[in-house]
Amino acid sequence: MNSSEELPLGIKDLLPSDLYKQDYIKSHMMKVFSHWGYQQVLPPLLESFNSLKKGRPDLVDETFKIIDHDGKILALRPDATLPVIRLASTRLAQQARPLRLCYLAGVFRQKRQANFRRENLNIGIEIIGENNTNTPETNQLECISILMNSLEVLNIQDYKIVLSHAQILSEILQALSLTEHKQTITEYISTGQLSVLFEYLQSNNISPETINKLKNILLNSTGTSQVLSYLSKSSSIKLELEQILALAPVFGEEKFIIDFLQVPNENFYSGLYFKVLNTNTKKILGAGGRYDKFSKESATGFSLYIDSLAQSVDISLPETQETVTNTLSPKSNNTNDILDAIKKQKYS
Amino acid sequence: MLRIAIPKGSLLDDSKEFLKKNNIEFEHADRKLLFKTNKENIEVLIVRPTDVAVYVEKGAVDIGIVGSDILDEYDSDVLRLCNLGFGECSLGVAAPQGSNINSISDVADYSSVASKFTNMTSKYFKKQGIPVDIIGLYGSIEIAPLTGLSDIIVDLVGTGKTLRENGLDLIETISVHTAHLISNKNSWQLHHDLIRELIPAS
């Protein structure tokens, strides 16, 4: 192949079979969203880099940047939630709350691995704001319910939702009087360096008893509802997570795992955080949570990755003879035959 | 099904011993790489040390045993569950005997440094504020100064015998490394009970 015809790394063309699956997923999910009263929006592909930098400093390095004619920097959106929240707080600021929005949007990220997919199509919802009966807690339940309802409609059964909470670690560290070390501990946990964390605590003269307590919690707090016993009885986080676990009878048992070690980005998520795993491939299907801090009113949402869903959905492009034979085929190339064929072919 | 990757080479025997202590045993045949074990739901894979972290990060394998040198060098996105204590070695800077380079402060700007661990080497010299040219090699680093390929080297040092035999002296230890038990982050959530059992109480 001529090198000028090569695609840049990490992006691809979509072929009819890809798009067939994509349309299937999109139409089924949008039906579910619409059934729950969500309206579709689509923010532009380009956003101002400055607003991105303020909202998601963690995504700055991964964002594709474009220089505008006046020298200002534009960002190719690395995430769909951010522009939807912007839309909610500007042009839709006066609309009744909660605002229920859904989207299908491509997002772009540069990864350190060159062969990583850099263009991804996300589909998701945001529920923003509250009223008398739709409290932030109801909104969270609504959000998880729509997520599970969507997977049900796509007939994806082999999945787990891994729940955690942005404040869990603070609560645990406070109980162990380790708040002073919170930043370092959070960093070690979010980068998965548990063994390094315990060595760090030892070298900072933390008592072996406290280290063992923390170790016991961190290593054992992944699993079913039992792990919630590591939180105090009056913990509001515990109540929040128990409310979500109570959805089991509606959408099927054993769909939830709790994991205290799953630390979300604290700059963005303020409360509930979850990700969805395909239990066969162990791949992430999507993620979501609550981000009041960023939206300045209560907001919860999720985003699923169309590519990962496509690998989990068992459908493929039907080999319809119809589409192949139903093409313009005049008897000869004389004008009358061509016109006859076109008349026959016309869609009505 | 739980898949465990253990590294070929110096950590292999201790890794097998670790599994044995956890009642996981398999017949080691030389050319085979994937082994069934006495436990129906556990398989063992033997691969190069650098590849253990890759298999675990990508989720092809659930957990693995690997030196922390590899984890630090490749910045692997895995869960480091615990320090297993065995296989201790250190990453150090070594210079030719009689070269007048007796400590890090003797290293001249733009010296050439040969190493397998180019990322950690680069990080270390940046921290020291010394600009260096790093030459990435895959093996036999000790020979680089002898042949004039580099001024100094950064390599793993066990007893220091190999260094001395090649006319080199250790001038600085950068970091100390041991074998670690690691897990794929998603596997930890999906197979928590099976993996948790393997973490030694301390």
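Because the structure is predicted, anything quoted here is derived from the model rather than measured. (Residues numbered from 1 in each chain as written. Chains lettered and ligands numbered in written order. Predicted model: local features only at pLDDT ≥ 70, side-chain atom pairs only at ≥ 80, totals over all residues. Heavy atoms only, no water.)

### Considering the overall build of chain B
When its secondary structure is counted, chain B shows 8 helices and 11 strands. Considering only C-alpha atoms, chain B reaches an extent of 60 × 30 × 30 Å along its principal axes. The buried share of chain B, reckoned over its 202 residues, is 49%. Counted over contacts in chain B with a minimum sequence separation of 6, partners at least 24 positions apart contribute 65%. Of note, chain B has its 20 positive side-chain charges centred 5 Å away from the centre of its 28 negative side-chain charges. (Helix = DSSP H or I, 4+ residues; strand = E, 2+ residues; numbered from the N terminus. Buried < 20%, exposed > 50% of the residue type's maximum accessible area, 1.4 Å probe, protein only. Contact = heavy atoms within 4.5 Å. Lys, Arg positive; Asp, Glu negative; His and termini not counted. Charge placed at Lys NZ, Arg CZ, Asp CG, Glu CD.)

### Some points on the overall build of chain A
Assigned secondary structure in chain A consists of 14 helices and 12 strands. C-alpha atoms of chain A, sized along the principal axes, occupy 95 × 50 × 45 Å. Relative to its 348 residues, chain A shows a buried fraction of 47%. A separation of at least 24 residues holds for 66% of the contacts in chain A among residues at least 6 apart in sequence. Summed over all atoms, the accessible surface of chain A reaches about 18,600 Å², with 50% contributed by carbon and sulfur. (Areas by Shrake-Rupley, 256 points an atom, 1.4 Å probe, with all protein chains shown as cover.)

### Let's talk about the environment of leucine 285 of chain A
Residue and element names in this part refer to chain A. Structurally, leucine 285 is set in strand β11 (residues 284-290). On a C-alpha basis, the gap between leucine 285 and lysine 275 in space is 7.6 Å, while along the polypeptide they are 10 residues apart. Leave out the neighbours within four places in its chain, and leucine 285 touches Ile156, Tyr159, Val276, Leu277, Asn278, Leu304, Tyr305, Ser308, Leu309 and Ser312.

### Quick word on helix α1 (residues 16-35) of chain A
At 3.6 residues per turn, the α-helix brings residues three or four places apart onto the same side. Residue and element names in this part refer to chain A. The end-to-end C-alpha separation of α1 is 28 Å, in line with the 28 Å expected for 20 residues at 1.5 Å each. Considered for burial, the residues of α1 that qualify are Lys21, Gln22, Ile25, Met29, Met30, Val32 and Phe33. Viewed end-on, α1 has its buried residues packed into an arc of 155 degrees, placing them on one side of the element. Exposed and oriented more than 90 degrees from the buried face of α1 are Pro16, Lys31 and His35. Packed against the buried residues of α1 are β1 (39-40), β5 (99-108), β6 (119-128), α4 (136-153), β12 (299-305) and α12 (306-312). Among the residues trailing α1, glycine 37 stands out with phi positive, at a value near 85 degrees. (Expected span 1.5 Å × (residues − 1). Arc of directions from axis to C-beta.)

### A word on the interface of chain A and chain B
Taken together, the contact between chain A and chain B spans 29 residues of the former and 23 residues of the latter. Both faces considered, chain A and chain B share a buried interface measuring about 2,000 Å² in area, 43% of it formed by carbon and sulfur atoms. Our count for the contact surface shared by chain A and chain B stands at 1 salt bridge. Of the charged contacts in the structure, one is a salt bridge between lysine 282 of chain A and aspartate 62 of chain B, with a shortest N-O distance of 2.7 Å. For the interface between chain A and chain B, the tally reads 17 residue pairs in polar contact (both at pLDDT 80 or more). Top contributing element to the side of chain A that touches chain B by residue count: helix α8 (residues 208-220) of chain A, with 5 residues. For the side of chain A that touches chain B, the class distribution of residues is 9 nonpolar, 12 polar and 8 charged. (Buried area = accessible area lost by both parts, 1.4 Å probe. Salt bridge = Lys/Arg side-chain N within 4 Å of Asp/Glu carboxyl O. Polar contact = N/O pair within 3.5 Å; in protein donor to acceptor, adjacent residues only side chain to side chain. Nonpolar A, V, L, I, M, F, W, Y, C, P; charged D, E, K, R; others polar.)

### Some thoughts on the nonpolar core
Residue and element names in this part refer to chain A. Ranked by size, the top nonpolar core spans 90 residues in total, and within it Phe33, Ile144, Ile161, Leu163, Leu304 and Leu309 carry the most contacts. Considering every element that reaches this core, the biggest residue donor is α4, with 6 residues. Aside from chain neighbours lying at most four places away, what touches leucine 309 is Ile25, Met29, Ile123, Leu151, Leu154, Ile156, Leu285 and Leu304. Residues Val41, Ile85, Ala105 and Val107 belong to the second largest nonpolar core, which totals 19 residues. (Core = buried A, V, L, I, M, F, W, Y, C linked by side-chain atoms within 4.5 Å.)

### Some points on the sheet that holds strand β3 (residues 42-47) of chain B
Ordered by their spatial adjacency, 6 strands build an open sheet running β2-β3-β1-β4-β11-β5 (chain B), and the pairing between neighbours is mixed. The outermost strands of the open sheet, each flanked by one partner alone, are β2 (34-36) and β5 (79-83) of chain B. Across the sheet, the mean angle separating the axes of adjacent strands is 25 degrees when strand polarity is ignored. Running over the sheet, helix α7 (residues 194-203) of chain A touches β5 and β11 (179-183) of chain B and is turned about 50 degrees from β5 of chain B. The strands that helix α2 (residues 49-58) of chain B touches are β1 (2-7), β3, β4 (63-67) and β11 of chain B; relative to β4 of chain B, the one it contacts most, it runs at about 145 degrees. (Pairing = 2+ DSSP bridges. Axes fitted to C-alpha atoms, helices over the stretch in contact; angles between N-to-C directions.)

### What about the packing of aromatic side chains?
Each aromatic ring pair is specified by the distance between its two centres and by the angle formed by the two planes. Residue and element names in this part refer to chain A. Counted under the stated rule, the structure contains 8 aromatic pairs over all chains. Considering the side-chain rings of tyrosine 188 and tyrosine 200, the 5.8 Å spacing of their centres and the 55 degrees angle between planes classify their relative orientation as tilted. Of the two residues, tyrosine 188 is situated in helix α6 (residues 182-190) and tyrosine 200 in helix α7; the sequence distance between them amounts to 12 residues. Overall, the relative accessible area of 21% leaves tyrosine 188 in the partly exposed class. Relative to tyrosine 269, the ring of phenylalanine 268 lies with its centre 5.1 Å away and its plane at 85 degrees, an arrangement referred to as edge-to-face. Taken together, the ring pairs connect Phe268, Tyr269, Tyr273 and Tyr291 into an aromatic cluster. The ring of phenylalanine 198 carries lysine 215 above its face, with NZ or CZ at 5.2 Å from the centroid. Just above the ring of tyrosine 159 sits the side chain of lysine 255; from NZ or CZ to the centre is 4.6 Å. (Phe/Tyr/Trp six-rings, centres within 6.5 Å; stacked < 30°, edge-to-face > 60°. Lys NZ or Arg CZ within 6 Å of the ring centre and 35° of its normal.)

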